[in-house]
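Per-entry structural report
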Number of protein chains: 2
Amino acid sequence: MTEIDFYFDFASPYGFIAAMQADAVARPMRWRPFLLGAVYKTVGQSPLDHRLKRDYVIGVDAPRMARRIGLELKVPAGFPEHALPASRAFYWIERQDPARAVAFAKEAYRRYWLHGCATSDAAVAVDAAASVGYDRSTAMAGMQEQATKQRLAFENDEAIRKGVFGSPFFLVDGEPFWGSDRMPLVMEAERERAG
Amino acid sequence: MTEIDFYFDFASPYGFIAAMQADAVARPMRWRPFLLGAVYKTVGQSPLDHRLKRDYVIGVDAPRMARRIGLELKVPAGFPEHALPASRAFYWIERQDPARAVAFAKEAYRRYWLHGCATSDAAVAVDAAASVGYDRSTAMAGMQEQATKQRLAFENDEAIRKGVFGSPFFLVDGEPFWGSDRMPLVMEAERERAG
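Cut-off values and rules
Residues numbered from 1 in each chain as written. Chains lettered and ligands numbered in written order. Predicted model: local features only at pLDDT ≥ 70, side-chain atom pairs only at ≥ 80, totals over all residues. Heavy atoms only, no water. pLDDT = per-residue confidence, 0-100. Phe/Tyr/Trp six-rings, centres within 6.5 Å; stacked < 30°, edge-to-face > 60°. Helix = DSSP H or I, 4+ residues; strand = E, 2+ residues; numbered from the N terminus. Buried < 20%, exposed > 50% of the residue type's maximum accessible area, 1.4 Å probe, protein only. Lys NZ or Arg CZ within 6 Å of the ring centre and 35° of its normal. Axes fitted to C-alpha atoms, helices over the stretch in contact; angles between N-to-C directions. Parallel < 35°, antiparallel > 145°, perpendicular 65-115°, else oblique. Left-handed = near helix turned anticlockwise from the far one by under 90°. Contact = heavy atoms within 4.5 Å. Nonpolar A, V, L, I, M, F, W, Y, C, P; charged D, E, K, R; others polar. Pairing = 2+ DSSP bridges. Buried area = accessible area lost by both parts, 1.4 Å probe. Salt bridge = Lys/Arg side-chain N within 4 Å of Asp/Glu carboxyl O. Least-squares fit on C-alpha atoms with pLDDT ≥ 70 in both.

Right, let's get into the confidence of the model for chain A. Chain-level statistics for chain A give a pLDDT mean of 93 and a share of 95% at 70 or above. Quick note on the complex model: pTM equals 0.93, ipTM equals 0.90.

Written out as structure tokens, the structure reads:
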């Protein structure tokens with residue numbers, strides 16, 4: 001059974017909402033953090049580049065959708081900023097221990113979207129790595145390795161090649177699903193294909 | 001009990017999907033066709049201005065969401081084009097008979113999104129008006145009245161003043177809901193407030 005691709009940006013509130021519900025998806029998922037900003041540089045549009053939509057998403061809809069699963073959103077300090085540190089840390093951890101990378105991703109997401117920590121702050125990503133058992137200075141060094149940086153750059157390009165243009169974004173046997181609100185459909189597609 | 005504002009563009013597939021489910025909303029709705037293009041001129045972004053998102057919306061997601069309510073989407077000829085004729089015809093009809101304007105809107109939407117008729121073609125709007133009982137030449141003249149044109153221009157500006165930036169867009173006692181996929185939340189909000 002092929003895995004579901006689960007693309008997400010740590011700076012995305014709907015990515016957070018999806019991550020908090022990811023355990024409800026029975027089929028194995030490949031967690032793929034990426035930088036939406038890098039994708040938008042390629043496709044030429046920012047998802048929140050006008051005030052009305054940003055106010056709606058950040059001030060109304062994302063908090064409302066989070067409350068439906070019992071979570072109280074807190075917008076990360078400095079939002080919107082890149083989430084380079086956690087994205088790199090994820091791939092550094094994954095190389096050693098894929099399951100732990102998923103635990104790390106959830107920890108990092110909670111820090112950004114429940115506690116309002118800045119997504120661009122490397123210390124927050126290091127804290128999240130520490131909370132899943134890593135030594136802080138080892139984690140910091142790992143995030144700065146050339147191989148780690150290259151891996152994230154590869155994954156960003158791979159997302160673009162696969163047509164990913166938003167966060168979260170799911171690919172189920174090539175069928176795209178954009179948005180945390182499409183997760184029920186992801187689960188249906190999964191059940192249908194499982195037969 | 002105040003009415004729910006239901007803003008939609010006839011050229012919007014999700015607007016169509018919402019219109020086909022509108023009867024499930026118990027609280028009275030004010031149907032407000034508007035031209036999303038006019039709004040985007042103001043807020044400076046087109047919703048489908050990159051190929052990836054348009055391919056996803058038109059080729060994958062909107063047809064998938066329509067199938068879930070038993071409808072097979074057909075993209076209007078020449079899409080994306082403005083839907084000036086039906087938008088004007090709606091307000092011309094509404095001035096005489098609000099209930100019939102809603103019936104007209106559903107007829108027009110079916111022609112565009114089930115039969116693939118061009119949204120910019122005045123003859124299609126006239127056909128839809130005829131199907132709810134209007135004489136064709138009277139309808140055509142009504143669409144071209146200065147008062148009709150001014151009314152649509154007013155409604156477009158009113159949408160902008162209310163912060164509407166997408167289609168469909170609901171306002172329930174001022175709370176905004178964007179997208180046909182938020183209709184279950186519209187219905188919940190409605191029930192909660194009905195107490």
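Taken as a whole and assessed by the stated rule, the structure comprises 40 aromatic pairs over all chains. Ring centres of F6 of chain B and W31 of chain B lie 5.0 Å apart, and the angle between their planes is 75 degrees; this geometry places the pair in the edge-to-face category. With F6 of chain B in strand β1 (residues 4-8) and W31 of chain B in strand β2 (residues 29-33), the pair connects residues that are 25 residues apart, well separated along the chain. With a relative accessible area of 0%, F6 of chain B lands in the buried category. For W31 of chain B, a relative accessible area of 5% puts it in the buried group. An aromatic cluster is defined as three or more aromatic residues linked by ring pairs; in this entry it consists of F6, F8, F10, F16, W31, F90, Y91, F104, Y109, Y112 and F170 of chain A. The ring of Y134 of chain A has R100 of chain A lying over it, and the distance from NZ or CZ to the ring centre is 4.7 Å.

Attention shifts here to the packing of helix α1 (residues 13-20) of chain B against helix α5 (residues 98-113) of chain B. All names here are of chain B. Closest axis-to-axis distance for the α1/α5 pair is 10 Å, and the angle between their directions is 135 degrees. By the angle class used here, α1 and α5 are oblique. Note that α1 runs across α5; the crossing there is left-handed. In contact with P13, G15, F16, A19 and M20 of α1, α5 contributes K106, Y109, R110 and W113. In terms of residue class, the contact of α1 with α5 is made up of six nonpolar, one polar and two charged.

Residue and element names in this part refer to chain B. Ordered in space as β2-β1-β3-β4, the four strands form an open sheet in which the pairing is mixed. The sheet is open, and its two edges are formed by β2 and β4 (175-178), each paired on a single side. The average undirected angle you get between the axes of adjacent strands in this sheet is 20 degrees. Examined bridge by bridge, β1 and strand β3 (residues 169-172) share three bridges and lie antiparallel to one another.

Summarising the element assignment, R64 of chain B is placed in helix α3 (residues 51-67). Each residue touching R64 of chain B, except ones within four places of it in the same chain, is listed here: E175, P176, F177 and L185 of chain A together with Y56 of chain B.

Residue and element names in this part refer to chain B. Where helix α4 (residues 84-96) contacts helix α7 (residues 136-144), the two axes come as close as 8 Å, and the packing angle between them is 100 degrees. For the element pair α4 / α7, the angle class is roughly perpendicular. Contact residues: α4 offers P85, R88, A89 and W92, while α7 offers T138, A139, G142 and M143.

Turning our eyes to something else, we now look at the interface of chain A and chain B. Contacts between the two partners involve 26 residues from chain A and, on the opposite side, 26 residues from chain B. Each partner contributes to the roughly 2500 Å² buried at the junction of chain A and chain B, and carbon and sulfur atoms together form 55% of this total. Joining chain A to chain B, the criterion identifies eight salt bridges. Ionic pairing is found between D61 of chain B and R182 of chain A, a salt bridge with its closest N-O pair at 2.8 Å.

The next subject is the pattern of salt bridges. Under the definition given, this model contains 43 salt bridges over all chains. Residue R182 of chain A pairs with D181 of chain A through a salt bridge whose shortest N-O separation is 3.4 Å. A residue is classified by how much of its surface remains accessible, and R182 of chain A, at 5% relative accessible area, is buried. Judged by relative accessible area, which is 23%, D181 of chain A ranks as partly exposed. Ionic pairing is found between E158 of chain B and R161 of chain B, a salt bridge with its closest N-O pair at 2.8 Å. Remark: R161 of chain B and E158 of chain B occur in helix α8 (residues 146-161); sequence separation between them is three residues, near one turn of the helix.

The subject of this paragraph is the sheet that holds strand β2 (residues 29-33) of chain A. Residues and elements named next belong to chain A. With respect to topology, four strands assemble into an open sheet ordered β2-β1-β3-β4, the strand pairing being mixed. Pairing within the sheet leaves two strands with one partner each, and these edge strands are β2 and β4 (175-178). Strand-to-strand twist across the sheet, computed as the mean angle between neighbouring axes with direction ignored, equals 20 degrees. The sheet strands contacting helix α1 (residues 13-20) are β1 (4-8), β2 and β3 (169-172), and the helix crosses β1 at an angle near 140 degrees.

Our next topic: the relation of the copies chain A and chain B. Between chain A and chain B, which share one sequence, the superposing operator has a rotation angle of 180 degrees and an axial displacement of 0.0 Å; the RMSD is 0.0 Å. Here the two chains are linked by the operation of a two-fold rotation axis. The position closest to the rotation axis in chain A is occupied by the C-alpha of D181 of chain A, lying 3.9 Å away. A shared binding surface is used by both copies, with 100% of the interface residues of chain A retained as interface residues in chain B.

All names here are of chain A. In the sheet, β3 pairs with β4 via four bridges, with the strands oriented antiparallel. The residue of β4 that forms the bridge with L171 is P176. The turn linking β3 back onto β4 is made up of two residues, and D173 within it adopts a positive phi angle of 50 degrees.

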